[in-house]
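Given next are the chains, with one letter for each unit.
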Amino acid sequence: MGNLSKQHCEACRADAEPASQAEIEDYRRELPSWEILERESIRRLERVFTFKNFKQALAFTNRVGELAEEAGHHPALLTEWGKVTVIWWTHAIKGLHKNDFVMAAKTDEAARTDEAAK
Ligand SMILES: C[C@H](O)[C@H](O)[C@H]1CNC2=NC(N)=NC(=O)C2=N1
């Protein structure tokens with residue numbers, strides 16, 4: 001297990017460097033369940049978490065929302081019955097920054113300590 005989840009987000013600035021391909025490959029070794037998808041010409045990190053019901057999915061959504069507020073870095077969250085889709089990207093650079101990988105690792109950690117998440 002690496003240390004991405006223990007790191008902190010830097011301020012999101014429009015002139016921030018996007019993650020390089022080599023960095024992305026390196027970070028993804030710690031994030032095997034995340035996919036990189038391109039939507040509307042923006043690369044994003046996406047993972048689906050599953051739950052037994054809507055209530056557990058909503059509780060996890062709120063936990064991820066708290067992490068986002070603590071970090072000042074915010075995901076797209078789609079809460080459905082038994083399922084939460086979490087998508088990270090950096091609005092300021094319309095792409096992937098190290099912050100997104102740090103937040104994906106924090107999301108995984110939240111799921112690991114959440115009995116209900118699969
Ligand atoms: C002012 C405020 O910190 C910025 O607008 C932050 C808020 N949260 C953010 N979240 C994400 N994912 N990308 C950003 O560029 C971003 N910018």
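Residues numbered from 1 in each chain as written. Predicted model: local features only at pLDDT ≥ 70, side-chain atom pairs only at ≥ 80, totals over all residues. Heavy atoms only, no water.

Neighbouring the ligand are the residues Cys12, Gly72, His73, His74, Trp89, Thr90, His91 and Ala92. The side chain of His74 places a nitrogen or oxygen atom 2.8 Å from a nitrogen atom of the ligand. In this structure, Trp89 approaches the ligand through a main-chain N or O atom, which is 2.8 Å from a nitrogen atom. Here the shell around the ligand is composed, by residue class, of three nonpolar, five polar and no charged. (Near = heavy atom within 4 Å. Polar contact = N/O pair within 3.5 Å; in protein donor to acceptor, adjacent residues only side chain to side chain. Nonpolar A, V, L, I, M, F, W, Y, C, P; charged D, E, K, R; others polar.)

Within the element layout of this structure, Cys12 appears in the segment before helix H1 (21-28). It is 20 Å that separates the C-alpha atoms of Cys12 and Glu40, two residues lying 28 residues apart in sequence. Residues in contact with Cys12, not counting those within four places in the same chain, are Gly72, His73, Thr90, Ala92 and Asn99. (Helix = DSSP H or I, 4+ residues; strand = E, 2+ residues; numbered from the N terminus. Contact = heavy atoms within 4.5 Å.)

Another point: the confidence of the model for the chain. When the pLDDT values of the chain are averaged, the result is 95; 99% of them are 70 or greater. Interface predicted TM-score (ipTM) for the complex: 0.95; the corresponding pTM is 0.95. (pLDDT = per-residue confidence, 0-100.)

If you walk through the whole model with that rule in mind, you get four aromatic pairs. Ring pairing ties together the aromatic residues Trp34, Phe49, Phe51 and Phe60, which thus form one cluster. Across the ring face of Trp89, the terminal group of Arg44 is positioned such that the distance to the ring centre comes to 4.3 Å. (Phe/Tyr/Trp six-rings, centres within 6.5 Å; stacked < 30°, edge-to-face > 60°. Lys NZ or Arg CZ within 6 Å of the ring centre and 35° of its normal.)

If you trace the four strands from one edge of the open sheet to the other, you get S1-S2-S4-S3, paired in antiparallel fashion. Either end of the sheet is taken by a strand with one partner, and the two such strands are strand S1 (35-39) and strand S3 (76-80). Strand-to-strand, the axes of this sheet are offset by a mean angle of 30 degrees, without reference to chain direction. Across six bridges, strand S2 (residues 42-50) lies against strand S4 (residues 83-88) in antiparallel orientation. Counted as the bridge partner of Phe49 is Val84 from S4. This element, helix H2 (residues 54-71), spans S2, S3 and S4 of the sheet and lies at about 165 degrees to S3. (Pairing = 2+ DSSP bridges. Axes fitted to C-alpha atoms, helices over the stretch in contact; angles between N-to-C directions.)

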